[in-house]
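Structural description and commentary
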Amino acid sequence: MLLSRLGITFPAAFPAAGFSLFKPGKTLLKQSGQAGIELLIVWPVIVAAVFTFVQALIIWWGQQTLTVANQYAVRAGSINNGSHNAMVNTLVAGMAGLKPQLSTDNKMVAVTEALVEQRLHYAQFGQLKVLSPTVEDFRQFADWRWDDELKAEVLEISVDHYHARASSDGSEQWHQARVLVIETYWCLPLDIPIAGEFLSATQTLLSDSKAARYCATRSRVFNKPLWALSNTAQHSMLSGYRK
């Protein structure tokens, strides 16, 4: 051999470590097989991580949208005598922003479709509750007043009540009763495969909030992954609160 004549020798550890200067094709094939196996193991993890990240961004955007929409809803209630319908309609209009209307020529049709879709979604997966004024507040502070627009007497917690303001023992309670506080639940559909089921199951397992329980029940009934969004908002009444 030429190498032996030249006095060139290689360490005995070379063959044991898998190094071979005389079988390059075999070595490359082995390395290619290892890379393929590693890709099969790692690729599903990467895909699942990307899907989960995208779904988490959608959840974050949904929560921000609900926060803004709920602020508008409580504002609508404060100027409309605490009307539940006014608050729900405003909430639905705000949540229509979850459905962008950018890929259509007729914007009005797109907006109408988004409003109808979110109204139907609210009927199945949403809830808006008035936390204040309470039933006891209404019983204690509501009185009959004349409404010029309705041309009739109405029972309401007035935004201005001389005797309540002048009272030394009930003034603080009356001021609190004039603050409209609402709490809203919104079950956000998780449409991205793998990530949606994972995140929905995680929230059901780890969260014991009322919103999470509310959406977990609907998730089982409708057999679809949902994420519970919730927000509480308040605003001083700008009109008398009525039942």
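Residues numbered from 1 in each chain as written. Predicted model: local features only at pLDDT ≥ 70, side-chain atom pairs only at ≥ 80, totals over all residues. Heavy atoms only, no water.

Time to look at the sheet that holds strand 2 (residues 143-147). Strand order across the open sheet formed by three strands is 2-3-6, with antiparallel pairing between neighbours. Two strands in the sheet have a free side with no partner beyond their single neighbour: strand 2 and strand 6 (241-242). Bridge count for strand 2 against strand 3 (residues 152-157) is five bridges, and the pairing is antiparallel. Following the sheet pairing, Asp147 is matched in strand 3 by Ala152. (Pairing = 2+ DSSP bridges. Helix = DSSP H or I, 4+ residues; strand = E, 2+ residues; numbered from the N terminus.)

Another aspect to go through is the environment of Trp174. Within the secondary structure, Trp174 sits in helix 8 (residues 171-177). Residue class for Trp174 comes out buried when judged on its relative accessible area of 1%. Placed 16 residues apart in sequence, Trp174 and Ser158 show a C-alpha to C-alpha distance of 9.6 Å. (Buried < 20%, exposed > 50% of the residue type's maximum accessible area, 1.4 Å probe, protein only.)

A few words now on unusual backbone geometry. The amide bond that connects Ser132 to the next residue, Pro133, takes the cis arrangement and shows omega of 5°. Within the element layout of this structure, Pro133 appears in the loop between strand 1 (126-132) and helix 6 (135-141). Although it is not a glycine, Lys151 sits at a positive phi angle of roughly 55°. Structurally, Lys151 is set in the loop between strand 2 and strand 3. With a phi angle near 55°, Asn223 is a residue other than glycine that sits in the positive phi range.

The next thing to look at is the packing of aromatic side chains. Here the structure, examined in full by the defined rule, presents four aromatic pairs. Between the aromatic rings of Tyr122 and Trp186, the centroid separation amounts to 6.3 Å while the plane-to-plane angle is 35°, which identifies the pairing as tilted. Pair noted here: Tyr122 is in helix 5 (residues 107-125) and Trp186 is in strand 4 (residues 179-189), with a separation of 64 residues, a long-range link. According to the relative accessible area criterion, Trp186 is buried, its value standing at 1%. The ring of Trp174 carries Arg178 above its face, with NZ or CZ at 4.9 Å from the centroid. Residue placement shows Lys243 over the ring face of Phe138; its charged tip is 5.7 Å from the ring centre. (Phe/Tyr/Trp six-rings, centres within 6.5 Å; stacked < 30°, edge-to-face > 60°. Lys NZ or Arg CZ within 6 Å of the ring centre and 35° of its normal.)

Turning our eyes to something else, we now look at the nonpolar core. Of all hydrophobic cores here, the largest spans 29 residues; its most connected members are Leu91, Met95, Tyr122, Ile157, Leu180, Ile182 and Trp186. Where this core is concerned, the elements lending two or more residues are helix 3 (24-79), helix 4 (84-95), helix 6, helix 8, strand 4 and strand 5 (226-236). Apart from residues lying up to four places away in sequence, Ile157 is in contact with Pro133, Asp137, Phe138, Phe141, Ala142, Trp174, Ala177, Gly240 and Tyr241. (Core = buried A, V, L, I, M, F, W, Y, C linked by side-chain atoms within 4.5 Å. Contact = heavy atoms within 4.5 Å.)

With that settled, the discussion passes to the side chain of Gln55. Assignment of secondary structure puts Gln55 in helix 3. Judged by its relative accessible area of 1%, Gln55 falls in the buried class. Non-local contacts of Gln55, meaning those with residues more than four positions away in its chain, are made with Leu190, Asp191, Ile192, Ala195, Gly196 and Leu199.

Just geometry here; none of it tells us what the structure is for.
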